[in-house]
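Each chain is listed here by its residues.
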Amino acid sequence: MNAIAFTDVTKRYGDVLAVDGLDLEVPAGATVALLGPNGAGKSTSINMLLGLLRPSSGEIRVFGEPPETAVANGEIGAMLQEGALIPELTVAETVDFVRRLYPRPLPLEEILRLADLTELARRRADRLSGGQTQRVRFALAIAGGPRLLLLDEPTAAMDVESRRTFWDNMRAYAARGRTILFATHYLEEADENADRVVVIARGRVVADGTAAEIKAGVAGQAVSFLLGEQPVAGLDALPGTTGVELQGGRVTLRTIDLDATVAALYRKTTLDIRDLQLHGADLEDAFLALTKEA
Ligand SMILES: Nc1ncnc2c1ncn2[C@@H]1O[C@H](COP(=O)(O)OP(=O)(O)OP(=O)(O)O)[C@@H](O)[C@H]1O
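Notes on the structure in this doc start here. These numbers were taken from a predicted model, which means no experiment stands behind them.

Some words on the packing of helix α5 (residues 130-142) against helix α6 (residues 160-174)
Phase 1 of the analysis: Where α5 meets α6, the closest approach of the two axes is 10 Å, and the angle between their N-to-C directions is 10°. By the criterion of interaxial angle, the relationship of α5 to α6 is roughly parallel. Contact residues: α5 offers Gly 131, Arg 135, Phe 138 and Ile 142, while α6 offers Ser 162, Phe 166, Asn 169, Met 170 and Tyr 173.
Phase 2 of the analysis: Split by residue class, the contact of α5 with α6 holds five nonpolar, three polar and one charged.

With respect to the pattern of salt bridges
Phase 1 of the analysis: Tallied over the entire structure, the rule returns 16 salt bridges.
Phase 2 of the analysis: With a closest N to O distance of 2.4 Å, Arg 250 and Asp 275 form a salt bridge. Note that Arg 250 is positioned in strand β12 (residues 250-255) and Asp 275 in strand β13 (residues 274-279), a separation of 25 residues in sequence.
Phase 3 of the analysis: For Arg 274, the salt bridge identified is with Asp 272, shortest N-O distance 3.0 Å.
Phase 4 of the analysis: When its relative accessible area of 40% is taken as the criterion, Asp 272 is described as partly exposed.
Phase 5 of the analysis: Connected via shared salt-bridge partners are Asp 96, Arg 99 and Arg 100.

Cut-off values and rules
- Per-chain numbering applies: the sequence of each chain, read as written, is numbered from 1 onward.
- Where totals are concerned, whole chains, interfaces and linings use all residues; where local detail is concerned, this predicted model gives features only for residues with pLDDT of at least 70, and gives and counts side-chain atom pairs only at 80 or more.
- Excluded from the side-chain calculations are hydrogens and water; all other atoms, namely the structure's heavy atoms, are used.
- Fitting a line to C-alpha atoms yields each axis, with helices limited to the stretch in contact; the angle taken between N-to-C directions then spans 0 to 180 degrees.
- Strands here are runs of E lasting at least two residues and helices are runs of H or I lasting at least four, both read from the DSSP assignment and numbered beginning at the N terminus.
- Angles below 35 degrees are treated as roughly parallel, those above 145 as roughly antiparallel, those between 65 and 115 as roughly perpendicular, and all remaining angles as oblique.
- The contact rule is simple, with two residues in contact once any of their heavy atoms fall within 4.5 Å.
- All residues other than Ala, Val, Leu, Ile, Met, Phe, Trp, Tyr, Cys, Pro, Asp, Glu, Lys and Arg, Gly among them, are scored as polar; the first ten of these are nonpolar and the last four charged.
- Throughout this description, the term salt bridge denotes a Lys or Arg side-chain nitrogen within 4 Å of a carboxyl oxygen of Asp or Glu.
- Exposure classes here rest on a 1.4 Å probe applied to the protein chains alone. A residue is buried below 20% of its type maximum, exposed above 50%, and partly exposed in between.

So, in structure tokens, the structure goes:
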């Protein structure tokens, strides 16, 4: 069953086309990163999934239902970009207050444990650090035991240590078979924490797959080697090769098929090749190539 299905969804704000014919299906149990530059349409898509915005056209379903129904049934939890806590309440009081609003909440102790807040349970909300506040917001997002968890740039204000803890907590929740969609512009976060990365730019999906598939789909791979005085003529005809560069005796072949290029280099030439190095595209190269203005 699909947790999320967007079918040809468009969202306009006046003249601005924020989401442009978005088609996206996320099966139940997946952890998906929505990766895109500023203004790509990530927050708009998440707000539509929560029923906070209506699409201008197209259809959205969450577990087969309209978003409003899924929200009313406590199926969706969300951590959005803003949202203040009530300063006078303790962490435990805050979480307990919110969990009681849901039809099938998780037990309080379990929520505190999943969000790494057990030791801070009696701390007042206005005495928390930024990273601790984010953990409370995560706790509120999972309080109802949602089948679908939406996180809009959840680590934006966190330091390195808080981020690590946050993603550990997120993965522990995902491991219970829950579906997670998170928006980010951090490539490493998408790479490390999602089993699928959907790259969006200008309101459309421009790539969709595992991080490895997205990297492999971009012509950013290369092989380089030392050739000494031997001639470079003919190397541009090797399979997959898109360019040849020569610098200080080192030849670099750019390729869209690293395996084929390297195999042909050994099998189809008689060159004496030294110090062969392979250069894979990284996700950053792929992301920049995919999202740059057409
Ligand atoms: N309420 C609004 N009124 C008019 N335009 C809007 C509104 N909200 C968003 N937009 C525009 O819609 C486009 C998509 O914005 P959105 O916030 O969904 O992108 P995003 O991918 O979440 O960006 P960011 O990473 O910066 O949060 C942008 O061009 C933005 O300026």
